[in-house]
Amino acid sequence: MAEAQKCGLPTITPHLVVKGGAEAIEFYKKAFGAVERMRMPWPGPDGVEKIGHAELEFGDSLVMLADEFPEHGSIAPAAGGASVVIHLMTPDVDATYAKAVEAGATAVMPPADMFWGDRYGKLVDPFGHHWSVATHIEDVSPEEMKKRMDAMMASAGEGCS
């Protein structure tokens, strides 16, 4: 672990693989306020330059990014599916959500107050990655959280015949 810290990286850093790395970088900057830390171009097999490695700062977090290189087993998410959701805490979830949709994200679940104490919403970016965005609005005890979750589950079945 000390070795990773020497490089200025946390122990775990997400590394996104996308189709259209340059476009993805611009999207993340516009939608989520990411700051581009570095970009390393790489020649693709067809001679077209791709993103071999990039680093983006999201607040105090780092995300690495690269174009897909199927010839090396590095493939972007398949249409309609991803195995990971990236969770972004933000001071204003509603503004962040609206900005992301305006930048090209697909709205999946608009922000709403949740039983666990966050205002929370879900999006899919134009590159197939799933994002949840949230603002913490209140601390909720485990007992209260369970009570609220049970009430939510009970109301989900209302109106069905």
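Presented here is an overview of the structure given in this document.

Conventions we followed
- Residues numbered from 1 in each chain as written.
- Predicted model: local features only at pLDDT ≥ 70, side-chain atom pairs only at ≥ 80, totals over all residues.
- Heavy atoms only, no water.
- 1 Å grid on protein atoms, 1.4 Å probe; cavity = no way out; pocket = protein on both sides within 12 Å on 5 of 7 lines; lining within 4 Å.
- Points joined across faces, edges and corners; volume = space filled by probe spheres on them.
- Helix = DSSP H or I, 4+ residues; strand = E, 2+ residues; numbered from the N terminus.
- Pairing = 2+ DSSP bridges.
- Axes fitted to C-alpha atoms, helices over the stretch in contact; angles between N-to-C directions.
- Contact = heavy atoms within 4.5 Å.
- Buried < 20%, exposed > 50% of the residue type's maximum accessible area, 1.4 Å probe, protein only.

## Digging into the layout of surface pockets
To locate leftover empty space, one rolls a probe as large as a water molecule over the atoms.
Turning to step 1, where the next piece is worked out: In this structure, the largest pocket spans a volume of roughly 390 Å³.
Turning to step 2, where the next piece is worked out: Around the largest pocket sit 23 residues that line it, and Phe58, Ser61, His87, Leu88 and Met89 are the ones nearest its centre.
Turning to step 3, where the next piece is worked out: Of all the elements in the fold, those that place two or more residues in the lining of the largest pocket are α2 (21–32), β4 (61–67), β5 (85–89) and α3 (93–103).
Turning to step 4, where the next piece is worked out: If one sorts the elements of the lining of the largest pocket by residue count, β5 sits on top with 5 residues.

## Concerning the sheet that holds β4
Turning to step 1, where the next piece is worked out: The 4 strands are arranged β1-β4-β3-β2 in an open sheet whose pairing can be described as mixed. Each of the sheet's edge strands pairs with one partner strand only, and the pair in question is β1 (15–18) and β2 (35–43). Ignoring strand direction, the axes of neighbouring strands in this sheet form an average angle of 20 degrees.
Turning to step 2, where the next piece is worked out: Two elements, β1 and β4, share 4 bridges in a ladder whose sense is parallel. The partner of Leu16 across the bridge, within β4, is Leu65.

## Remarks on the sheet that holds strand β6 (residues 106–113)
Turning to step 1, where the next piece is worked out: Strand order in this open sheet of 4 strands is β5-β8-β7-β6, and the pairing throughout is mixed. Two strands in the sheet have a free side with no partner beyond their single neighbour: β5 and β6. Each strand of the sheet is rotated relative to its neighbour by a mean of 15 degrees, with strand direction disregarded.
Turning to step 2, where the next piece is worked out: With 5 bridges joining them, β5 and strand β8 (residues 130–136) adopt parallel strand pairing. For Met89, the partnering residue across the bridge sits in β8 and is Ala134.

## Some remarks on the side chain of Glu55
Turning to step 1, where the next piece is worked out: Turning to its location among the elements, Glu55 is positioned in strand β3 (residues 49–58).
Turning to step 2, where the next piece is worked out: Sequence-distant contacts of Glu55, that is, excluding residues within four places in its chain, are made with Val35, Glu36, Arg37, Met38, Leu62, Val63 and Met64.

## A look at the side chain of Ser132
Turning to step 1, where the next piece is worked out: Its location among the elements puts Ser132 in strand β8.
Turning to step 2, where the next piece is worked out: For Ser132, a relative accessible area of 3% gives the class buried.
Turning to step 3, where the next piece is worked out: Once residues within four sequence positions are removed from consideration, Ser132 is found in contact with Val85, Ile86, His87, Leu88, Tyr120, Gly121 and Lys122.

## What about the pairing of β2?
Turning to step 1, where the next piece is worked out: Sheet topology places β2 next to β3; 8 bridges connect them, and they run antiparallel. Looking at the pairing, Trp42 lines up with Lys50 of β3.
Turning to step 2, where the next piece is worked out: Where β2 folds back on β3, the antiparallel hairpin that results is connected by 5 residues, among which Gly47 adopts a positive phi of roughly 85 degrees.

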